[in-house]
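This is what each chain is made of:
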Amino acid sequence: SQKIEQNSEALNIQEGKTATLTCNYTNYSPAYLQWYRQDPGRGPVFLLLIRENEKEKRKERLKVTFDTTLKQSLFHITASQPADSATYLCARDSNYQLIWGAGTKLIIKP
Amino acid sequence: ETGVTQTPRHLVMGMTNKKSLKCEQHLGHNAMYWYKQSAKKPLELMFVYNFKEQTENNSVPSRFSPECPNSSHLFLHLHTLQPEDSALYLCASSVPGQGAPGANVLTFGAGSRLTVL
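As a starting point, this report considers the structure included with it. Everything numeric in this text was worked out from a predicted model, so none of it was measured.

Parameters and conventions
- Residues numbered from 1 in each chain as written.
- Chains lettered and ligands numbered in written order.
- Predicted model: local features only at pLDDT ≥ 70, side-chain atom pairs only at ≥ 80, totals over all residues.
- Heavy atoms only, no water.
- Salt bridge = Lys/Arg side-chain N within 4 Å of Asp/Glu carboxyl O.
- Helix = DSSP H or I, 4+ residues; strand = E, 2+ residues; numbered from the N terminus.
- Buried < 20%, exposed > 50% of the residue type's maximum accessible area, 1.4 Å probe, protein only.
- Contact = heavy atoms within 4.5 Å.
- Buried area = accessible area lost by both parts, 1.4 Å probe.
- Polar contact = N/O pair within 3.5 Å; in protein donor to acceptor, adjacent residues only side chain to side chain.
- Nonpolar A, V, L, I, M, F, W, Y, C, P; charged D, E, K, R; others polar.
- Pairing = 2+ DSSP bridges.
- Axes fitted to C-alpha atoms, helices over the stretch in contact; angles between N-to-C directions.
- Disulfide = S-S within 2.5 Å.

Another point: the pattern of salt bridges. Counted according to the given criterion, the structure contains seven salt bridges over all chains. Taking the shortest distance from any N to any O, the salt bridge between B:Arg63 and B:Asp85 comes out at 2.7 Å. Placement of the pair is B:Arg63 in the loop between strand S6 (53-57) and strand S7 (64-70) and B:Asp85 in the loop between strand S8 (73-79) and strand S9 (87-94), with a sequence separation of 22 residues. Take B:Arg63 and B:Asp85: they sit in the same class, and that class is buried. Each of A:Glu56, A:Arg58 and A:Lys63 takes part in a single network of salt bridges with overlapping partners.

Time to look at the interface of chain A and chain B. Counting residues at the interface gives 18 residues for chain A, matched by 26 residues for chain B. Interface area for chain A against chain B, summed over the two sides, is near 1700 Å², with a carbon-plus-sulfur share of 53%. At the junction of chain A with chain B, the criterion picks out zero salt bridges. Put simply, chain A and chain B have six residue pairs in polar contact (both at pLDDT 80 or more) between them. For the side of chain A that touches chain B, the secondary structure elements donating two or more residues are strand S4 (32-38), strand S5 (45-51) and strand S10 (97-100) of chain A. Here the side of chain A that touches chain B takes four residues from S4(A), the largest share from any one element. Residue composition of the side of chain A that touches chain B, by class: ten nonpolar, six polar and two charged.

As a further point, take the sheet that holds strand S1 (residues 4-6) of chain A. Residues and elements named next belong to chain A. Strand order in this open sheet of five strands is S1-S3-S8-S7-S6, and the pairing throughout is antiparallel. Each edge of the sheet is formed by a strand with only one pairing partner; in this case those strands are S1 and strand S6 (56-59). Shown here is a sheet whose adjacent strand axes are inclined to one another by a mean of 20°, direction ignored. Pairing of S6 with strand S7 (residues 62-67) involves four bridges; the strand directions are antiparallel. Paired with Glu56 across the bridge in S7 is Thr65.

Another point: the state of the cysteines. A complete count under the given rule lists two disulfides over all chains for this structure. Of the cysteine sulfurs around B:Cys68, a residue in no disulfide, the closest is that of B:Cys91, at 9.1 Å.

All names here are of chain A. Tracing the backbone through its elements, the reader meets Ala19 in strand S3 (residues 19-25). When the C-alpha atoms of Ala19 and Asp84 are compared, they prove to be 9.6 Å apart, with 65 residues separating the residues in sequence. Other than its neighbours up to four places away in sequence, Ala19 contacts Ile13, Phe75, His76, Ile77 and Leu106.

Structure follows, in structure tokens:
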């Protein structure tokens, strides 16, 4: 079955550094991967989508990559700020539905 | 606000109670979803409605009963729940393919935190 795996341990990063989160998938490559941000007590908010034929996508301080050889997507936040602290979720498509990872909690320390 | 509104935000109920969760969106989306989110677990899809018709039921126990009277409103009726049903219940909506052909980007509500005693 298709699965999404994200590092379950919290990631602690010093303010100003680049934070990198990993999303690994199993089986065949999805047509696209999505990244969402979730704050405590809130629903996930869509950030970026990257297609299988795109190696990289950028939006302001965010960058997402898609490596079909490694079956992996990386999510980067450059010049990280305490306000970037949240849980980040990765999801892959499956017949117009999404299969989700459990998310990685990111903590940016001042 | 995301445009998807869920009420109540918090709910505590006993195992014999009957309660309902409500979701409302005025984004013009035609698909609506119920998800269950438990701590440190992936989002679990429960139900999907497209144009008011249920298109997916992910083997959800019958103590959860969805209702979609129109494309803007979605309910989740709860009865005789178990303590393990305590979780954050998220409603989402989408227009499959909007903004990204072949993709399905979801807009979520803030969730209803359910505690079953």
